[in-house]
Amino acid sequence: DIYLLYIEKVPPGPISLPIIGGLYKLNSSKPHLKLQQLTKRYGEIMSIRFGPSSSRTVIIHNTKFVQELYNNQKALDRPDLPFFELITPHGAGIGSRPYDKIWMLHTRIVKLALHKVCQNSLSEKVMETFEVLFNRLNEKGNGPQDIAIDLKLASLDITSSICYGFHDDDWTSDQMNLLLKDHDKAMSGLSPFNPINIFPFIKNLPVRLVKEIKDITQRRDELNQRIYDRHVENYTGEVHDVMDIIVDVMENGYNTSHITDSQKKQMDLKSLFMTLTCLSMAGIDNMQSIMQWSVLVLGKHSSVAEKIFMELQQTVAMDTSVTTESRQHLPYTEACVYEILRVSSITGLGVPHITREDIQVGGYKITKGTQIFTNIWHIHNNSHNWTDHEAVKPERFLDSNGQLKLKSDEIFKNYLPFGLGKRTCTGEVIILNVLFLFVSNLVRTQTIKIDNHISELIGNCDMSHKPPAYKVTLNPRVCQF
Ligand code: HEM
């Protein structure tokens, strides 16, 4: 550490202890807060050793550095987490592979598919799911309820239909539960604090955790193959879900002239399955998390929910579902979506990058192979970047005419829920639509009251920033689906 910090001039940070490195400085459930406090001592770019890792991890707390780094091709790879070797034995999908031509090709294919899904059938699919969800929640009774699992099932349903084109009536509840259990286990491996990532030798031991991961991987591969075969049988050339575009690529090829022959070989079905798995994992988890945050934010801030309701009453027919076509006519509702994304900052410390070569940022050296996190929660929740940062104020995103501010406005300078630079969130287009549909139709059909006493909108953060546990009372309004 002394050599790295004082001779190599890597960003400053706490001195490491044997085995645990700098982890003693981070409260295990709220590292985003601890790191924010550490900026007072070490500045907005700091480094800390996660466990016995061979290098110090860099954590950025400033948009200028994020911009500088994440537009630099040398800082766009993803760390090769030891856990990935178990969960993606056929090579990494878009979320974990290096920033290379295969990544570009997979990303282009997936984004094309997601745009087509948005154009073709997203509103319809999502509204079917929400109708089932809200009816189920209302049937549960009037008392306060923990709705986390209901929101998870809804996000599983929506994500599965986007990725694979099926709904929960294709599944038995046992299969759904197994899929969710497998999903949770797989997601836990993405956390830098997972034991396998801190102590990589565990992955070679014959222990239960490793066997479980191998079983999950096998079940997932079999599922992907089954769904693929069904899509091939029913292939019409149209793209209704991401698996459709994979079938299209495998049947008709793709414009691959700009990649080399050896790279073309990697465009095989199994590597596309890994990309699909990655999309599905990110989709289920993030969608559930942002819906949970939305209910909490709107339930705690009933005046915001009522303003959405008034805007809806003035603009759309209240007896039918709000669809994505109304987005541009509902600026306050749209601004709420932006504000919920800001206050929740669901990716917390972002998704890690790793440097391919030595680079310089802010006068510091970031050596080759360094893992980099961005404390997105801090960038969105501090008084330097945001006026009244603790308040929920969708109006901050509106201009004096009540219209949504342009992306070039100052307000967006420190707004990066989906990351920044060349490697941002693949699902942005989907989630902005889904979240708009969720918020508008939730407020249109329900009143929301949070029953627990939650003083601030701060949750636990490992791989993502989860909301604090709460119970909510939803009461149906007169307007229904
Ligand atoms: C509110 C919801 C979401 C937020 C805030 C969010 C945010 C992010 C962020 C910050 C990143 C990392 C960007 C970087 O490396 O700097 C990311 C990556 C990613 N997201 Fe999202 N995301 C959300 C929902 C989704 C959904 C619904 C999907 C899939 C349908 C998705 C798919 C992905 C994928 C595949 C990546 C990895 C991209 C890559 O490595 O090239 N995300 N997301």
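Here's a quick rundown of the structure. Everything numeric in this text was worked out from a predicted model, so none of it was measured.

On a plain count of helices and strands, the chain comes out with 17 helices and 10 strands. By principal-axis analysis of the C-alpha atoms, the chain measures approximately 65 × 55 × 45 Å. Going through the 481 residues of the chain one by one, you find that 57% of them count as buried. For the chain, contacts bridging at least 24 residues in sequence account for 74% of all contacts bridging at least 6. Of the roughly 21,100 Å² of accessible surface on the chain, a fraction of 52% belongs to carbon and sulfur atoms. Here the chain holds 52 positive side-chain charges and 53 negative ones, and the gap between their average locations is 8 Å.

Let us look at the packing of helix α13 (residues 269-300) against helix α15 (residues 331-344). Following both chains from N to C, one finds α13 and α15 inclined at 105°, their axes separated by 10 Å at the closest point. By the angle between their axes, α13 is roughly perpendicular relative to α15. Between α13 and α15, the contacting residues are Ile290, Trp293, Ser294 and Val297 on the first element and Ile340, Leu341, Val343 and Ser344 on the second.

Once that is clear, we can look at the pattern of salt bridges. Within the structure shown, the criterion is met by 24 salt bridges. For arginine 219, the salt bridge identified is with aspartate 182, shortest N-O distance 2.8 Å. Here the residue arginine 219 occupies a position in helix α10 (residues 208-233), and aspartate 182 occupies one in helix α8 (residues 173-188), the gap between them amounting to 37 residues. The class for arginine 219 is partly exposed, based on a relative accessible area of 33%. The exposure class of aspartate 182 is buried, given its relative accessible area of 11%. Look at the salt bridges and you will find they share partners, linking Asp1, Arg49 and Arg56 into a network.

What follows is about the coordination of the iron atom of the ligand. There is one protein donor for the iron atom of the ligand, and it is Cys425 (SG), at 2.3 Å. Assignment of secondary structure puts cysteine 425 in the loop between α16 (376-380) and α17 (428-445).

Definitions and limits used
- Residues numbered from 1 in each chain as written.
- Predicted model: local features only at pLDDT ≥ 70, side-chain atom pairs only at ≥ 80, totals over all residues.
- Heavy atoms only, no water.
- Helix = DSSP H or I, 4+ residues; strand = E, 2+ residues; numbered from the N terminus.
- Buried < 20%, exposed > 50% of the residue type's maximum accessible area, 1.4 Å probe, protein only.
- Contact = heavy atoms within 4.5 Å.
- Areas by Shrake-Rupley, 256 points an atom, 1.4 Å probe, with all protein chains shown as cover.
- Lys, Arg positive; Asp, Glu negative; His and termini not counted.
- Charge placed at Lys NZ, Arg CZ, Asp CG, Glu CD.
- Axes fitted to C-alpha atoms, helices over the stretch in contact; angles between N-to-C directions.
- Parallel < 35°, antiparallel > 145°, perpendicular 65-115°, else oblique.
- Salt bridge = Lys/Arg side-chain N within 4 Å of Asp/Glu carboxyl O.
- Donors = N, O, S within 2.8 Å, 3.2 Å for Na, K, Ca; no water.

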